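# Survey of secondary and tertiary structure
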Amino acid sequence: MGATGSGSEEATRIGALVPLTRPGWVEAGRHLLAGLQLAVSEINGAGGIGGKALELLVRDTAADPQKALAAVDELARLGVAAIAGEYHSVVARAAAIRADELGLPFLCSSAVIDRLSERPTKWVARLAPPQSRGWKIYADFLSRAGHHRIAVASQESVYWASGVHILRNHLQAAHPIFGCRGELQGR
């Protein structure tokens, strides 16, 4: 995947992880990439950072955690100052864990999974609110709408397992009468 920016050896390289091919959500990847490119363009137009232009090195994750790991390793070898991006939570989590292992700053732009890494780290930051916040709001909505029996159809992944867990726990805590005795099933 190509680069955007000055292309000069004096540029500060920033890695970009985006889903640009299926099975990734390509449309989200394109929007994410457009935002990153706009930021680089605006920063470079204002003189760069410390007088140095930014260069964006783009890698397609295709929503595959293994591709993201390979991309993080490659970008680290290329000497990027930091990595930004990724849309899919499971992929972002893999990238965050690897970036943390390498001591490489990673700004997660879109993924919402609560735990991007197994332990607190100074190398990983996020822009989007965590998954638990949105799922709790959703649980409150379902409760206020009077829904007492809830089923979830999902893929087997950390994202969906976490979401179902958050939904179940929040509904049980807010409304013990619901019971959630196996009525909330995630599959």
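Residues numbered from 1 in each chain as written. Predicted model: local features only at pLDDT ≥ 70, side-chain atom pairs only at ≥ 80, totals over all residues. Heavy atoms only, no water.

### Overview of the overall build of the protein chain
Selection criterion: Secondary structure follows DSSP: runs of H or I at least 4 residues long count as helices, runs of E at least 2 residues long count as strands, and numbering of each begins at the N terminus. Relative accessible area decides the class of each residue, using a 1.4 Å probe on protein chains only: under 20% of the type maximum gives buried, over 50% gives exposed, and in between gives partly exposed. Whether two residues are in contact is decided by their heavy atoms: any pair within 4.5 Å suffices. In short, Shrake-Rupley with a 1.4 Å probe defines the accessible areas, and a residue's cover is counted only from the protein chains shown.
Looking only at helices and strands, one finds 5 helices and 8 strands in the protein chain. Moving toward the C terminus, one meets the helices and strands of the protein chain in the order β-β-α-β-α-β-α-β-β-α-β-α-β. Taken across its 187 residues, the protein chain has 40% of its residues classed as buried. For the protein chain, long-range pairs separated by at least 24 residues make up 60% of all intrachain contacts whose partners lie at least 6 apart in sequence. Looking at the protein chain as shown, the accessible area adds up to about 10100 Å², and 56% of this sits on carbon and sulfur atoms.

### Regarding the pairing of strand S2 (residues 12-18)
Convention followed: Strand pairing is assigned whenever DSSP identifies at least 2 bridges connecting the two strands. With its strands directed away from the observer, a crossover is right-handed exactly when the path from the first strand over the helix to the second travels clockwise.
Burial runs high along S2: 5 of the 7 residues are buried. Looking at chain direction, S2 and strand S3 (residues 54-60) are connected through 7 bridges and run parallel. In the sheet register, Ile 14 faces S3, and the bridge partner there is Leu 56. Crossover S2 to S3 through helix H1 (residues 26-45) is right-handed. Bridge count for S2 against strand S4 (residues 82-85) is 4 bridges, and the pairing is parallel. Bridge assignment links Ala 16 to a residue of S4, and that residue is Ala 84.

### A look at the packing of helix H2 (residues 65-77) against helix H3 (residues 89-102)
In a pair of packed helices, the angle between the axes and the distance between the axes together describe the arrangement. How we decide: Geometry is summarised by axes, namely lines fitted to C-alpha atoms with helices restricted to the contacting stretch, and by angles between N-to-C directions that run from 0 to 180 degrees. By convention, the crossing between two helices is left-handed when the near helix turns anticlockwise from the far helix through less than a right angle, and right-handed when the turn is clockwise. Note that Gly is not counted as nonpolar here; it falls among the polar residues with everything else outside the nonpolar set of Ala, Val, Leu, Ile, Met, Phe, Trp, Tyr, Cys and Pro and the charged set of Asp, Glu, Lys and Arg.
Running from amino to carboxyl end, H2 crosses H3 at an angle of 30°, the nearest separation of the two axes being 8 Å. The hand of the H2/H3 crossing is right-handed. Contact residues: H2 offers Pro 65, Ala 68, Leu 69, Val 72, Asp 73 and Ala 76, while H3 offers Val 90, Val 91, Ala 94, Ala 95, Arg 98, Ala 99 and Leu 102. The class makeup of the residues in the contact of H2 with H3 is 11 nonpolar, no polar and 2 charged.

### Considering the environment of Arg 133
Residue placement: Arg 133 occurs in helix H4 (residues 131-144). Between the C-alpha atoms of Arg 133 and Asp 114, which are 19 residues apart in sequence, the distance is 9.0 Å.

### Some words on the pattern of salt bridges
Filter applied, for reference: Salt bridges, as used here, are contacts in which a Lys or Arg side-chain nitrogen is within 4 Å of a carboxyl oxygen on Asp or Glu.
If you walk through the whole model with that rule in mind, you get 8 salt bridges. Here Arg 13 ties to Glu 55 by a salt bridge, and the two come within 3.5 Å at their closest N and O atoms. Of the two residues, Arg 13 is situated in strand S2 and Glu 55 in strand S3; the sequence distance between them amounts to 42 residues. On the basis of relative accessibility, which here comes to 30%, the residue Arg 13 falls in the partly exposed class. A relative accessible area of 7% means that Glu 55 is categorised as buried. We note a salt bridge from Glu 27 to Arg 22, for which the minimum N-O separation is 3.1 Å. By relative accessible area, Arg 22 is classed as exposed at 54%.

### Comments concerning the packing of aromatic side chains
Quick reminder of the rule: Only Phe, Tyr and Trp rings take part, Trp by its six-membered ring, and two of them pair if their centres are within 6.5 Å. Stacked means planes under 30 degrees apart, edge-to-face means over 60, and tilted covers everything else.
Following the criterion strictly, the structure yields 5 aromatic pairs and no others. Every member of this aromatic cluster is reached through a ring pair, and the members are Trp 135, Tyr 159 and Trp 160.

Everything listed is a geometric property; what it means functionally is a separate question.
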